[in-house]
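Tertiary structure, described
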Amino acid sequence: MKIHAKSAWDQTTICAYLAEAEIPMRLAFINQQQEPMLCSLWFYYDNGRLFAASHENTYLIKQLQANPKASFEISNNDYPYKGVRGKATAVLSKQSAQQVMQRLIDKYLQQSNQKLANWLLSRIEHELVIELQIDSINAWDFSNRMQA
């Protein structure tokens, strides 16, 4: 993973942040009309890659099939502002969809909404894994300047 020279964090800190973040990822992509678009997705980080899932018929999937280049941001919305953003290539696959979806459900629902979990898993044969292979990444952390 290429880390921007002015990144506030090193690779170890970036990886720890991504592994612990419990907020959705914002994924930016260019649609077929060459317009920028943005989508929020559940994600998890594993071994230098970000994983998400989406139904095979979604607008997002159709656009990533046409152009797999994307950007992402994972950042908190509370003081102090900090997070990571980067560029990636999306690889779409049906392989491991069950495992990816279960991991996303475990992370974000934490057994709080079994009805939603069951519904998501009932559609698994039509889900695609979105694996973001990170091309470059940058972190920012405004903790020092936002202290009370």
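Read on for an overview of the structure. (Residues numbered from 1 in each chain as written. Predicted model: local features only at pLDDT ≥ 70, side-chain atom pairs only at ≥ 80, totals over all residues. Heavy atoms only, no water.)

Here we take up the pattern of salt bridges. Applying the stated criterion across every chain, the model contains seven salt bridges. Asp135 is the salt-bridge partner of Lys69, the closest N and O atoms lying 3.6 Å from each other. With Lys69 in strand β6 (residues 69–75) and Asp135 in strand β8 (residues 127–141), this residue pair connects regions lying 66 residues apart in the sequence. We classify Lys69 as partly exposed; its relative accessible area is 47%. The salt bridge partner of Arg85 is Glu73, with a shortest N-O separation of 2.9 Å. One end of the pair, Arg85, is in strand β7 (residues 82–93); the other, Glu73, is in strand β6, with 12 residues separating them in the sequence. Residue class for Arg85 comes out partly exposed when judged on its relative accessible area of 40%. (Salt bridge = Lys/Arg side-chain N within 4 Å of Asp/Glu carboxyl O. Helix = DSSP H or I, 4+ residues; strand = E, 2+ residues; numbered from the N terminus. Buried < 20%, exposed > 50% of the residue type's maximum accessible area, 1.4 Å probe, protein only.)

Among the residues examined, Glu73 registers a relative accessible area of 18% and is labelled buried. Among the polar contacts made by the side chain of Glu73, one reaches the side chain of Ser75 at a distance of 3.2 Å. Excluding residues that lie within four positions of it along the chain, Glu73 makes contacts with Met25, Arg26, Val84, Arg85 and Trp140. (Polar contact = N/O pair within 3.5 Å; in protein donor to acceptor, adjacent residues only side chain to side chain. Contact = heavy atoms within 4.5 Å.)

So, about helix α2 (residues 59–66). What α2 keeps buried is the set Leu60, Ile61, Gln63 and Leu64. Down the axis of α2, the buried set is contained in an arc of 165°. They therefore lie on one face. Close packing links the buried residues of α2 with β2 (25–30), β3 (36–41), β5 (49–55), β6, β7 and β8. (Arc of directions from axis to C-beta.)

Moving on: the packing of aromatic side chains. In total, this model carries four aromatic pairs according to the counting rule given. With a centroid separation of 6.4 Å and an interplanar angle of 55°, the aromatic rings of Phe29 and Tyr59 are classed as tilted. With Phe29 in strand β2 and Tyr59 in helix α2, this residue pair connects regions lying 30 residues apart in the sequence. Given the relative accessible area of 5%, Phe29 is considered buried. Geometrically, the ring pair formed by Trp42 and Tyr108 is stacked, given 5.1 Å between the ring centres and 5° between the ring planes. A residue pair is termed long-range when its members are at least 10 positions apart, and Trp42 in the loop between β3 and β4 (44–46) and Tyr108 in helix α3 (residues 97–108) qualify at 66 residues. For Trp42, a relative accessible area of 26% puts it in the partly exposed group. Tyr108 sits in the buried class, given a relative accessible area of 17%. Directly above the aromatic system of Trp140 lies the positively charged group of Arg85, at a separation of 4.0 Å from the ring centroid. Its guanidinium or amino end placed over the ring of Phe43, Lys107 lies 3.9 Å from that ring's centre, counting from NZ or CZ. (Phe/Tyr/Trp six-rings, centres within 6.5 Å; stacked < 30°, edge-to-face > 60°. Lys NZ or Arg CZ within 6 Å of the ring centre and 35° of its normal.)

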